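# Understanding the architecture of this molecule
In case you want the letters, here they are:
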Amino acid sequence: MNKVKIIKQNVIKYFGKDSYKKKDKINKTYLSEIVFKNPIALKLLCTIIHPWISLDFKQWISSIIKIQKKTLYVIKESAILFESKNYKECDFIITITSPKKNMIERIIKRDNLNENQIIDRFKNQISNREREKKSNFVIKNNSSTYYLQKKADKIHKLLEKLVTKNK
């Protein structure tokens, strides 16, 4: 996606040349410092990038269907599924929640961010409670991976029945 010229042109136009590193690579650190502290800047960046993400996802689904012919369902992972309005393209929503403390610890390890950077990002997302209300399935991630696997298997079997019933 970094190679799509229109994205690069618009990101640079609105956020400056520092928005990109060498070789057409988005400077995530620079942009994050701007957009996660400014909701208007975040909304602008999303209007530039998200239509292309959505198009890319649709093309990916089409390619899977061409190859496999028989696809039961596709899972779309997104931290901002509701905020980006992409939930409208989904038949079912599965939300995995965790206590904020655990989420922060995991994100620090995974993304090498500090707690303040993570909290700035959380401020731009709906709450877990609100996300749960809008979801068809909720998994509480405050236990073992064994528990998560059992819950995922249960949801898979349910979706399998729902999808095959509606075909």
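For the structure given in this document, a descriptive report is provided here. As the structure is a prediction and not an experimental result, all values here were calculated from the model.

Attention shifts here to helix α3 (residues 39-68). Between the first and last C-alpha of α3 there are 41 Å, a value that for 30 residues agrees with the 44 Å anticipated at 1.5 Å per step. At I49, α3 shows its largest bend, some 35 degrees, and a proline, P51, comes one to four positions later. Within α3, burial applies to A41, L42, L45, I48, I49, H50, S54, F57 and I64. The opening residue of α3, the one whose side-chain oxygen lies 3.0 Å from the backbone nitrogen of I40, is N38. Once α3 finishes, K69 follows within two positions and takes phi at roughly 60 degrees, a positive value.

If you look at soluble globular proteins, the nonpolar side chains tend to sit buried side by side. I7, V11, F15, Y20, I26, L31, V35, A41, L42, L45, I48 and I49 together form the largest nonpolar core, which totals twelve residues. Broken down by secondary-structure element, the contributors of at least two residues to this core are α1 (5-15), α2 (28-35) and α3. With five residues, the top contributor of residues to this core is α3. If you look at the next biggest cluster of nonpolar residues, it comprises six residues, including M103, I104, I107 and I118.

Turning to the pairing of strand β1 (residues 94-97), a few remarks are in order. What you see with β1 is a clean split: T95 and T97 sit on the buried side and I94 and I96 on the side with no burial. One ladder, built from four bridges, connects β1 with strand β2 (residues 137-140); its direction is parallel. Bridge pairing in β2 links I94 to F137.

Attention now moves to the packing of aromatic side chains. Considering all chains together, one arrives at three aromatic pairs under this definition. Arranged with centres 5.6 Å apart and planes meeting at 35 degrees, the rings of F57 and W60 form a pair that is tilted. With F57 and W60 both in helix α3 and three residues apart, this pair spans about one turn of that helix. The ring of Y20 has K8 lying over it, and the distance from NZ or CZ to the ring centre is 5.5 Å. Seen from the ring of F122, K100 lies directly overhead, with NZ or CZ sitting 4.8 Å from the centre.

What counts and how
Residues numbered from 1 in each chain as written. Predicted model: local features only at pLDDT ≥ 70, side-chain atom pairs only at ≥ 80, totals over all residues. Heavy atoms only, no water. Helix = DSSP H or I, 4+ residues; strand = E, 2+ residues; numbered from the N terminus. Expected span 1.5 Å × (residues − 1). Bend = angle between axes of the 7 residues up to and from the residue. Buried < 20%, exposed > 50% of the residue type's maximum accessible area, 1.4 Å probe, protein only. Polar contact = N/O pair within 3.5 Å; in protein donor to acceptor, adjacent residues only side chain to side chain. Core = buried A, V, L, I, M, F, W, Y, C linked by side-chain atoms within 4.5 Å. Pairing = 2+ DSSP bridges. Phe/Tyr/Trp six-rings, centres within 6.5 Å; stacked < 30°, edge-to-face > 60°. Lys NZ or Arg CZ within 6 Å of the ring centre and 35° of its normal.

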